[in-house]
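# Tertiary structure, described
Here are the chains, one letter per residue:
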Amino acid sequence: MRRPIVAGNWKMNLAVQEGRDLAEKIKASCGNWNAVEVVLCPVYTSLSAVGQILADSSISLGAQNLFWEPSGAYTGEVSPLMLRDVGCRYVIIGHSERRTYFGETDETVKRKFQSALKHGLKPIVCIGETLKEREANQTFAVLERQLAGAFTDASAADADKLVIAYEPVWAIGTGKTATPDQAQEAHAFIRKWLVGKWSAETAAKIRLQYGGSVTADNAATLMGQTDVDGALVGGASLKADAFTAIVRAALEAKTVAA
Ligand code: PEP
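Residues numbered from 1 in each chain as written. Predicted model: local features only at pLDDT ≥ 70, side-chain atom pairs only at ≥ 80, totals over all residues. Heavy atoms only, no water.

Turning our eyes to something else, we now look at the packing of aromatic side chains. Applying the stated rule across the entire model yields eight aromatic pairs. Relative to Phe102, the ring of Tyr101 lies with its centre 6.4 Å away and its plane at 85 degrees, an arrangement referred to as edge-to-face. For Tyr101, a relative accessible area of 61% puts it in the exposed group. The exposure class assigned to Phe102 is exposed, which follows from its relative accessible area of 55%. On the basis of an interplanar angle of 70 degrees and a centroid distance of 4.9 Å, the ring pair of Phe113 and Phe151 is categorised as edge-to-face. Taken as a pair, Phe113 in helix α5 (residues 106-118) and Phe151 in helix α7 (residues 139-151) lie far apart in primary sequence, 38 residues in all. Overall, the relative accessible area of 1% leaves Phe113 in the buried class. We classify Phe151 as buried; its relative accessible area is 1%. Three or more aromatic residues link up through ring pairs in this structure, and these residues are Phe113, Phe151, Trp193 and Trp198. (Phe/Tyr/Trp six-rings, centres within 6.5 Å; stacked < 30°, edge-to-face > 60°. Buried < 20%, exposed > 50% of the residue type's maximum accessible area, 1.4 Å probe, protein only. Helix = DSSP H or I, 4+ residues; strand = E, 2+ residues; numbered from the N terminus.)

Glancing now at the sheet that holds strand β4 (residues 88-93). Spatial strand order, β1-β2-β3-β4-β5-β6-β7-β8: eight strands in a closed barrel with parallel pairing. Here the average twist between neighbouring strands, direction ignored, is 25 degrees. As defined by bridge partners, β4 adjoins strand β5 (residues 122-127) across four bridges and the pair is classed as parallel. Directly across from Ile93, in β5, lies its bridge partner Val125. (Pairing = 2+ DSSP bridges. Axes fitted to C-alpha atoms, helices over the stretch in contact; angles between N-to-C directions.)

Moving on, we get to unusual backbone geometry. Unusually for a residue other than glycine, Lys11 sits at a positive phi of about 50 degrees. Along the chain, Lys11 turns up in the loop between β1 (5-9) and α1 (16-30). Of note, Leu14 is a non-glycine position whose phi angle comes to about 75 degrees, a positive value. Topologically, Leu14 is positioned in the loop between β1 and α1.

Lining the immediate environment of the ligand, one finds 14 residues, of which Lys11, Glu167, Gly173, Ser213 and Gly235 sit closest. With respect to the ligand, the backbone of Ser213 contributes an N or O atom lying 2.7 Å from an oxygen atom. Between an oxygen atom of the ligand and a main-chain N or O atom of Gly235, the distance comes to 2.8 Å. Its free accessible area being 290 Å², the ligand has 96% of it covered by the protein chains. Broken down by class, the residue content of the shell around the ligand amounts to four nonpolar, eight polar and two charged. (Near = heavy atom within 4 Å. Polar contact = N/O pair within 3.5 Å; in protein donor to acceptor, adjacent residues only side chain to side chain. Areas by Shrake-Rupley, 256 points an atom, 1.4 Å probe, with all protein chains shown as cover. Nonpolar A, V, L, I, M, F, W, Y, C, P; charged D, E, K, R; others polar.)

Function cannot be inferred from these measures alone, as they are strictly geometric.
Right, dumping it as structure tokens:
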């Protein structure tokens, strides 16, 4: 049984004190729900403060990005070692906003993925098609290209630490959620690709999150799909009540029913 994982991507929102307040509220509501893994991903400047709040809870700290080198003359970048230093366990890699606005490619995603693993961070690798690609029936081809690009040199031993977030770009921040069938179809495709890459046993261990306008209202049906093991949540993760309801939906769909 895969342990469900719900991550909050706060994006470029919340000053340090606002981040502290939100983390305190989320910790109070679901800070000891061990059956679901909860990850909060604040901006770099709040990692340390939020990490201190989460330290005595079951909630993990995650970053929204990293640079692959451990240190050096890379002005403005943050290394995996620095993320570990402030208590991060997870890091989001290849989010579509980074691919769209900051020129990230399958190649940079691969380098970041490998660096995260090398330095003891668990990567949440984001993949997903644009609306144009979906309408041109290219969804599976895009997913295949992104998976192959990120995981070319990855081994089955790496797979155990990996989380993949399927995030259709047309659903991110738009209020247009994929239907549960669309999400399951894409997740089943990803799982099948992982079976081909490694094995059925390894693929069965890898957690696949759905991301794209997940809310307290649609979380239960999305999470009810066989291959949806959790959610990567943007907008709704900025409200403690909404985020907690999504975590509860994961808990109920994946553990109570099990
Ligand atoms: C995200 O940022 O990964 C995301 C899915 O955002 P939203 O939930 O706001 O669509």
